[in-house]
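Spelled out, the chains give:
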Amino acid sequence: MSAVAQGLAYDLTGLTVPVIALFAFILPLLQKFVKHRLFPGVYAMVVTLFAAVSATTIYSHVASTGKPIVYGFGGWPPPLGIAYEVDGFNALLGMYASWLIVGIVIFSLWYNRNLDEPEWYYTLLLGFEVGALGCFYTGDVFNLFVMIEVLAVSTYGLIAYHKNNPGSVEAAIKYAIIGATATTIYFIGLMIIYGAYGTLNMGDILSRNIRLFGLIEVGLAGTAFIAVATLAVSLSLWVFTFKAGLFPNHFWLPDAYCEAPTPVSAALSGVSEIVGVYAAIRFLYTIFPAFSPIGYAYRGVVLAVLLVLGFLGGVVGALMMFVQRDIKRLLAYSSVSHIGLLFLASAISFMPVSEEVVVIAFTAVLAHIIAHGVGKLLLFASSEIFIEAAGTKILDDMRGIGRKYPLVSMALIAGFLNLMGAIPFLGFFSKLLMYQAYMAAGQVLPAIAIVVVSALSIPGYAKAIYSLVLSAPVKEFNGIRVGAYKYFLVLLAAILLATGIAFTHLYACIGSLVDSSLTFKGLVNYGQAFLEARHVLWGG
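Residues numbered from 1 in each chain as written. Predicted model: local features only at pLDDT ≥ 70, side-chain atom pairs only at ≥ 80, totals over all residues. Heavy atoms only, no water.

Glancing now at the nonpolar core. Y186 and F288 are the most contacted members of the largest nonpolar core, which totals 193 residues. The biggest single contributor to this core is helix 13 (residues 355-390), with 24 residues. Apart from residues no more than four positions distant in its own chain, Y186 is found in contact with V141, L144, F145, I148, S236, V239, F240 and F283. (Core = buried A, V, L, I, M, F, W, Y, C linked by side-chain atoms within 4.5 Å. Buried < 20%, exposed > 50% of the residue type's maximum accessible area, 1.4 Å probe, protein only. Helix = DSSP H or I, 4+ residues; strand = E, 2+ residues; numbered from the N terminus. Contact = heavy atoms within 4.5 Å.)

Below, the discussion takes up the pattern of salt bridges. Scanning the model with the defined rule gives 11 salt bridges in all. Note that D255 is salt-bridged to R329, the shortest N-O span being 2.9 Å. Of the two residues, D255 is situated in helix 9 (residues 253-259) and R329 in helix 12 (residues 327-346); the sequence distance between them amounts to 74 residues. Note that D396 is salt-bridged to R399, the shortest N-O span being 3.5 Å. What makes R399 partly exposed here is its relative accessible area of 27%. Taken together, the shared-partner salt bridges connect D116, E117 and K163 into one network. (Salt bridge = Lys/Arg side-chain N within 4 Å of Asp/Glu carboxyl O.)

The next point concerns the pairing of strand 2 (residues 83-86). Here strand 2 shows a buried face lined by A83 and E85 and a second buried face lined by Y84 and V86. Here strand 1 (residues 69-72) runs beside strand 2; their pairing, made up of 4 bridges, is antiparallel. Within strand 2, the position partnered with V70 by the bridge is E85. (Pairing = 2+ DSSP bridges.)

Before going further, it helps to examine unusual backbone geometry. A cis amide bond links P78 with the next residue in sequence, P79, at an omega value of 10 degrees. Summarising the element assignment, P79 is placed in the loop between strand 1 and strand 2. Each neighbour pair has its own omega, and for I423 with P424 the value is 5 degrees, a cis peptide bond. The topology assignment puts P424 in the loop between helix 14 (406-420) and helix 15 (426-440).

Mapped onto the elements, A3 comes out in helix 1 (residues 3-33). With a relative accessible area of 64%, A3 lands in the exposed category. A3 sits 166 residues away from V169 along the chain, and the two C-alpha atoms are 51 Å apart.

If you check helix 17 (residues 485-501), its first and last C-alpha atoms are 25 Å apart, about what 17 residues at 1.5 Å a residue would give, namely 24 Å. Of the residues making up helix 17, those classed as buried are Y485, F488, L489, L492, A493, L496 and G500. Down the axis of helix 17, the buried side of the element spans an arc of 140 degrees, and every buried residue falls inside it. Across helix 17 from its buried face, at more than 90 degrees, point the exposed residues Y487 and I501. (Expected span 1.5 Å × (residues − 1). Arc of directions from axis to C-beta.)

Interpretation note: all reported values are geometric properties and have no functional meaning in isolation.
Right under this line is the structure:
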């Protein structure tokens, strides 16, 4: 890669999040001068496209070099200043999230007639993107706290956007009260980390953890750090599982999905929850790996608990889908089930496994994040057409409405088939990889658990397809002008199909990113990038 391209990727790592934040803050002011109703949506589209291109540039650099990018804000060397550190793992998630938000803005432009003050909606949506990308890119555990708060505050506002709907306000308040408690608990964990380690930089904590692990093993250091690290990780993981909506911390999720504007429901499913998944993986596989004071024993227990909770979440979400009458609530419990699958696969190291197995498991996790996020955007975007045409979200009152919109119905069915794990959609291959990872590790029960969760979810999806598309219409439905928007839905369905058909190539790409970021080689890369950045920014 040329020096120009390398410099561009480095600069964009630091500029992207602050630039989006700047444009988000000035949108309401600009709307005072440009009074056209579509202006905020078009403005948000331009900003999110900039973010997507920037994230793709960053991803391309990291993927081609195999080395993380470390950006020290203000020229301060880490750990004295806040730094972003982007390796293959979060580079891919940043690119995925930014392009998914572009899709959510397209959905929002079609939904625009339901927005009474669109400038505030798009300001919050851009703030949501700031928080999400900040969480993915940051290399500082305190800055992660700040960005989780930015993401959370934007999410509260977006859920309560239809302020005349008491259900929306109630759902936002419920989420905000528990969310504020959760972030306070994480802040306590940060204080423990800083008091023990004297640093908040992720790369620095990793380096110190590896040194401490070696000293503890040979008896040259006390075991106090074991208790300290254990407590800090325990507090942090509770918060991350809440943000992800992992059972039993999913209680806020159904109401939030059901009462939020439908594009926001897609954003929660595809981006907000994934931040919690990402943070849990980053803590357990990068900052506090097996080579750290928490050691194999405690880390193994934690991962085993996450495996059990993942299985329970997958089962509960799948069973609850089948009894739902509200299409958005059905999709909410679908997310509970899929988040369970993601944690089930992420817990692959609850017993010692080879690095080849870790690569397979996390390739499956990243592929499933993409399959689930794109699939949920497709399903929410399709369902909203049916909701507006029927004037209700209740499946019994929407029977047969899909027959009025055949192209939309085809896209909707493709989205459901993808989440079921039907061949040849991406969702099939991501679930298959999860199964193969556990079989390669010699763990038959978790492999069977993945099959069980997938099988239990099928009746819920089949129920939705039958009600919306296959049933005879129960009444005369309103006509909704779909226009070119239906081709956007077809494009999403085509992406899920094409990525499934080309999964061999996708597997190679994602596998190389996982190998360079979440294996022992990845730990070396992450820690070495921190040390090199500190050396350079200190002026040698």
